[in-house]
Amino acid sequence: MKVEAFDFHLPKTLIAQYPPLRRGESRLMVLRRDEERIEHRKFSDLIEYLRPGDLLVMNNTRVLPAKLIGHKETGGKVELLLIPPRNGSEGEWEALVKNLGKGKGPTLVFLDEKTHLILSRKKDGKVKVLFPEGESPERLLNRWGHIPLPPYIRREEEPLDRERYQTVYAKKEGSIAAPTAGLHFTRSLIQKIKEKGIETAFITLHVGPGTFAPIKAEEVEEHRMEPEWVEIQEEVAATINRVKQEGRRVIAVGTTTTRALESFAAGRGRANPGAGLVSLFIRPPYEFKIIDGLITNFHLPKSTLIMLVSAFAGRDFIMRAYREAVEKRYRFYSYGDAMLIL
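Keep in mind the model is a prediction, meaning the values are calculated, not measured.

Here's the deal with the overall build of the protein
Part 1 of the reasoning: When helices and strands are counted, the protein shows eight helices and 17 strands.
Part 2 of the reasoning: Expected size for 342 residues packed as a compact globule is a radius of gyration near 20 Å; at 20 Å, the protein falls within 12% of this value.
Part 3 of the reasoning: Each of the three principal axes of the protein carries a C-alpha extent, and together these read 60 × 45 × 40 Å.
Part 4 of the reasoning: Counting across all 342 residues of the protein, residues that qualify as buried make up 55%.

Written as structure tokens, this is what we have:
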């Protein structure tokens, strides 16, 4: 299938540069797959579409302040996006770098007069990062790091981003981007959901650069996803399996949660616990084994994420929904509005 089949026109004015004034005050487009019907609601109306007995699965990853700004010995500014070790433990830190130059040897990047990093180029375009002796990466990032807002948010980080670019249930640090479908949830909405008899469970997928890497191939099938770290605990897998066995619905909050669940599927309707790297590329025609519903944001043209939602709801239906979203001026991408697919 051609990548161009997932293209659409999006006016730049619809790309959200800020979150809504208050968390949860987003719009919600509801897609009914069985009828190919579209409804327009508020995100707070989500609870009306959830049934007692449903299971909402969320990604509890926490975004690191992974953006660093320093300077070379020559004084030139350098911007880094740090990438934690892929295996979820101690290991090699990497970074994507702007303005490093073309030198072949290691490069010193100073964060202040006394603190510097050593960068060594790798063949894949990234750099290996060595931290100062005795300085933990986490402590250094908490001191010097900025929230890594996506490049389509064309402004500098502001104090509000420290809170609003995290979900209210963020717990395990390790992502360089937020699982944005979860940004709409407030603590009060989650409480109302539980009071209605809807279960919640949490998995972890640490979002890396692969989720947002552009597809350079012409054919969808030629693209390869970069691995990302996933953890699904035994009690979560047991809850999913119980819900599926009882014929109830599993609704994923976000494409990251979807990829985690489907990567650990043990056949239709059953999930395995475990932890490890996943690189599942969900695209049409994919047969979903775990999820029955999906809450997500509006995604970039020709991205792996719009391909995932197209696999779940059908490409033609998704492209029609996106055209309608543009017509009705929904807000797009990370700080934008939400979609519920049932």
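Some thoughts on the pattern of salt bridges
Part 1 of the reasoning: The final tally for this structure, using the stated rule, is 26 salt bridges.
Part 2 of the reasoning: Notably, a salt bridge pairs Glu135 with Arg139, separated by 3.1 Å at the nearest N-O pair.
Part 3 of the reasoning: For Arg139, a relative accessible area of 48% puts it in the partly exposed group.
Part 4 of the reasoning: When salt bridges with common partners are traced through the structure, they connect Arg32, Glu35, Arg37 and Glu39 into a single cluster.

A word on helix 5 (residues 234–245)
Part 1 of the reasoning: Spanning 12 residues, helix 5 covers 16 Å between terminal C-alpha atoms, matching the ideal 16 Å at 1.5 Å per step.
Part 2 of the reasoning: Inspection of helix 5 places Val236, Ala237, Thr239, Ile240, Asn241 and Val243 among the buried residues, and these make up the whole buried set.
Part 3 of the reasoning: Those residues of helix 5 that are buried are in contact with strand 3 (55–59), strand 12 (199–206), strand 13 (228–232), strand 14 (250–253) and helix 6 (255–263).
Part 4 of the reasoning: Taken from the residues just after helix 5, Gly247 is the one with a positive phi, measuring 75°.

Focus on empty space enclosed by the protein
Part 1 of the reasoning: As enumerated under the stated definition, the model contains two cavities of 30 Å³ or more in all.
Part 2 of the reasoning: Lining the largest cavity are Pro19, Pro20, Arg23, Gly24, Ser26, Arg164, Leu183, His184, Ser334, Tyr335 and Gly336.
Part 3 of the reasoning: Its residues assigned to classes, the lining of the largest cavity shows four nonpolar, five polar and two charged.
Part 4 of the reasoning: Space inside the second largest cavity adds up to approximately 40 Å³.
Part 5 of the reasoning: For the second largest cavity, the full set of lining residues is Met225, Arg259, Leu280, Phe281, Ile282, Thr304, Leu305 and Leu308.
Part 6 of the reasoning: Considering every element that reaches the lining of the second largest cavity, the biggest residue donor is helix 7 (residues 304–313), with three residues.
Part 7 of the reasoning: Class assignment of the residues belonging to the lining of the second largest cavity gives a composition of six nonpolar, one polar and one charged.

Overview of the packing of helix 7 against helix 8 (residues 315–327)
Part 1 of the reasoning: Between helix 7 and helix 8, whose axes approach to 7 Å, the crossing angle comes to 120°. As the angle between them shows, helix 7 and helix 8 are arranged oblique. Considering the relative orientation of helix 7 and helix 8, their crossing is right-handed. Together, Ile306, Val309, Ser310 and Ala313 of helix 7 and Arg315, Phe317, Ile318, Met319 and Tyr322 of helix 8 make up the contact between the two elements.

What to know about the pairing of strand 12
Part 1 of the reasoning: Here strand 3 runs beside strand 12; their pairing, made up of five bridges, is parallel. Across the sheet, residue Leu56 finds its bridge partner in strand 12, namely Thr200.
Part 2 of the reasoning: Of the strand pairs in this sheet, strand 12 and strand 13 are connected by three bridges, and their pairing is antiparallel. By the bridge assignment for strand 13, His206 is matched with Trp229.

A word on the sheet that holds strand 1 (residues 27–32)
Part 1 of the reasoning: The strand order across the open sheet built from nine strands is 2-1-17-16-14-3-12-13-15, with neighbouring strands paired in mixed fashion. Unpaired on one side and paired on the other, strand 2 (37–42) and strand 15 (274–278) mark the two borders of the sheet. Direction aside, neighbouring strands of the sheet carry axes that sit 20° apart on average.
Part 2 of the reasoning: The strands touched by helix 7 within the sheet are strand 16 (293–297) and strand 17 (338–341), with strand 16 carrying the most contacts at an inclination of about 150°.
Part 3 of the reasoning: Along the sheet, helix 8 contacts strand 1, strand 2, strand 16 and strand 17; its crossing angle with strand 1, the most-contacted strand, is approximately 150°.

Reading guide: rules and limits
Residues numbered from 1 in each chain as written. Predicted model: local features only at pLDDT ≥ 70, side-chain atom pairs only at ≥ 80, totals over all residues. Heavy atoms only, no water. Helix = DSSP H or I, 4+ residues; strand = E, 2+ residues; numbered from the N terminus. Rg over C-alpha atoms; globule rule 2.2 N^0.38 Å. Buried < 20%, exposed > 50% of the residue type's maximum accessible area, 1.4 Å probe, protein only. Salt bridge = Lys/Arg side-chain N within 4 Å of Asp/Glu carboxyl O. Expected span 1.5 Å × (residues − 1). Contact = heavy atoms within 4.5 Å. 1 Å grid on protein atoms, 1.4 Å probe; cavity = no way out; pocket = protein on both sides within 12 Å on 5 of 7 lines; lining within 4 Å. Points joined across faces, edges and corners; volume = space filled by probe spheres on them. Nonpolar A, V, L, I, M, F, W, Y, C, P; charged D, E, K, R; others polar. Axes fitted to C-alpha atoms, helices over the stretch in contact; angles between N-to-C directions. Parallel < 35°, antiparallel > 145°, perpendicular 65-115°, else oblique. Left-handed = near helix turned anticlockwise from the far one by under 90°. Pairing = 2+ DSSP bridges.

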